[in-house]
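What follows is the residue order along each chain.
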Amino acid sequence: MRRIHNMFEPDGYRGTGRPEFTGTQILTIVLSVISLLGAIYIIANFNALLARIAICVANLLTMGFPLLVLLVVIAVWVGRTRWRRRRWF
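Fair warning: this is a prediction, and the values are worked out from it, not measured in the lab.

J.: Mind showing me how you'd approach the overall build of the protein here?
T.: For the protein, the helix and strand inventory stands at three helices and zero strands. Tracing the protein from N to C terminus, the helices and strands come up as α-α-α. Entry remark: accessible area of the protein is about 8800 Å², with carbon and sulfur atoms responsible for 69%.

Below is the structure:
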């Protein structure tokens, strides 16, 4: 006998016959297909993607990105040291 509102039972339970797909099964299948297509695209166009990544990194380095990172690190460091001092007094 089937229990009502049992969270461990499949959502698509219809008794005997053709099984239904639950929402989680459909989502898993769709995401798996998208993942597979993405992996195939990356493998097929690896050199082009690698070149795009290299160009983006070079552009970031020439735009002053390291200076921005340094300023953020200094700001976080100063903020932490001030917070530590206030906590002990």
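J.: Any chance you could explain the UniProt feature "transmembrane region" (unreviewed entry) in the protein here in plain terms?
T.: Per the UniProt annotation, the sites labelled "transmembrane region" (unreviewed entry) are residues 21–43 and 49–78. A helix fraction of 91% and a strand fraction of 0% characterise residues 21–43, whose end C-alpha atoms lie 31 Å from each other. Summarising residues 49–78: 93% helix, 0% strand, and an end-to-end C-alpha distance of 39 Å.

J.: Quick question: what am I supposed to make of helix H2 (residues 46–62) here?
T.: Helical periodicity: at 3.6 residues per turn, an α-helix aligns residues three or four positions apart in one direction. Across its 17 residues, H2 extends 24 Å between first and last C-alpha, which sits within 8% of the 24 Å expected from 1.5 Å per residue. Positive backbone phi, approximately 90°, marks Gly64, located one or two places after H2.

J.: Could you clarify how one ought to interpret the confidence of the model for the protein in this entry?
T.: Any segment with low pLDDT has predicted coordinates that should not be analysed in fine detail. Considering every residue of the protein, the mean pLDDT works out to 81; 72% of them sit at 70 or more. Taking the mean pLDDT of every element in the protein, the minimum, 82, falls on helix H3 (residues 65–88) and the maximum, 94, on helix H1 (residues 23–44).

J.: Is there a simple way to think about the packing of H1 against H2 in this case?
T.: Viewed as axis vectors pointing N to C, H1 and H2 meet at an angle of 80°, and their least axial separation amounts to 5 Å. Taken together, H1 and H2 sit at an angle that is classed as roughly perpendicular. Seen from H1, the contacting residues are Tyr41, Ile42, Ile43 and Ala44; seen from H2, they are Phe46, Leu49 and Arg52. For the contact of H1 with H2, a count of residues per class yields six nonpolar, no polar and one charged.

J.: Even after reading the chapter, I still don't get a nonpolar patch on the surface, so can you show me in this structure?
T.: On the surface, Phe21, Ile26, Leu27, Ile29, Val30, Leu31, Val33, Ile34, Leu36, Leu37 and Ile40 cluster together into a nonpolar patch covering about 1100 Å² of accessible area. Exposure remark for Ile34: the relative accessible area of 51% places this residue in the exposed category.

J.: Any chance you could explain the side chain of Thr22 here in plain terms?
T.: Tracing the sequence through the fold places Thr22 in the segment before H1. The class of Thr22 is buried, set by a relative accessible area of 10%. Side-chain polar atoms of Thr22 contact the side chain of Thr24, separated by 3.1 Å.

The rules we used
- Residues numbered from 1 in each chain as written.
- Predicted model: local features only at pLDDT ≥ 70, side-chain atom pairs only at ≥ 80, totals over all residues.
- Heavy atoms only, no water.
- Helix = DSSP H or I, 4+ residues; strand = E, 2+ residues; numbered from the N terminus.
- Areas by Shrake-Rupley, 256 points an atom, 1.4 Å probe, with all protein chains shown as cover.
- UniProt positions renumbered as here; feature names shortened; annotations may be inferred.
- Expected span 1.5 Å × (residues − 1).
- pLDDT = per-residue confidence, 0-100.
- Axes fitted to C-alpha atoms, helices over the stretch in contact; angles between N-to-C directions.
- Parallel < 35°, antiparallel > 145°, perpendicular 65-115°, else oblique.
- Contact = heavy atoms within 4.5 Å.
- Nonpolar A, V, L, I, M, F, W, Y, C, P; charged D, E, K, R; others polar.
- Patch = residues over 30% accessible without salt bridge, like charges linked within 9 Å, V, L, I, M, F, W, Y side chains within 5 Å.
- Salt bridge = Lys/Arg side-chain N within 4 Å of Asp/Glu carboxyl O.
- Buried < 20%, exposed > 50% of the residue type's maximum accessible area, 1.4 Å probe, protein only.
- Polar contact = N/O pair within 3.5 Å; in protein donor to acceptor, adjacent residues only side chain to side chain.

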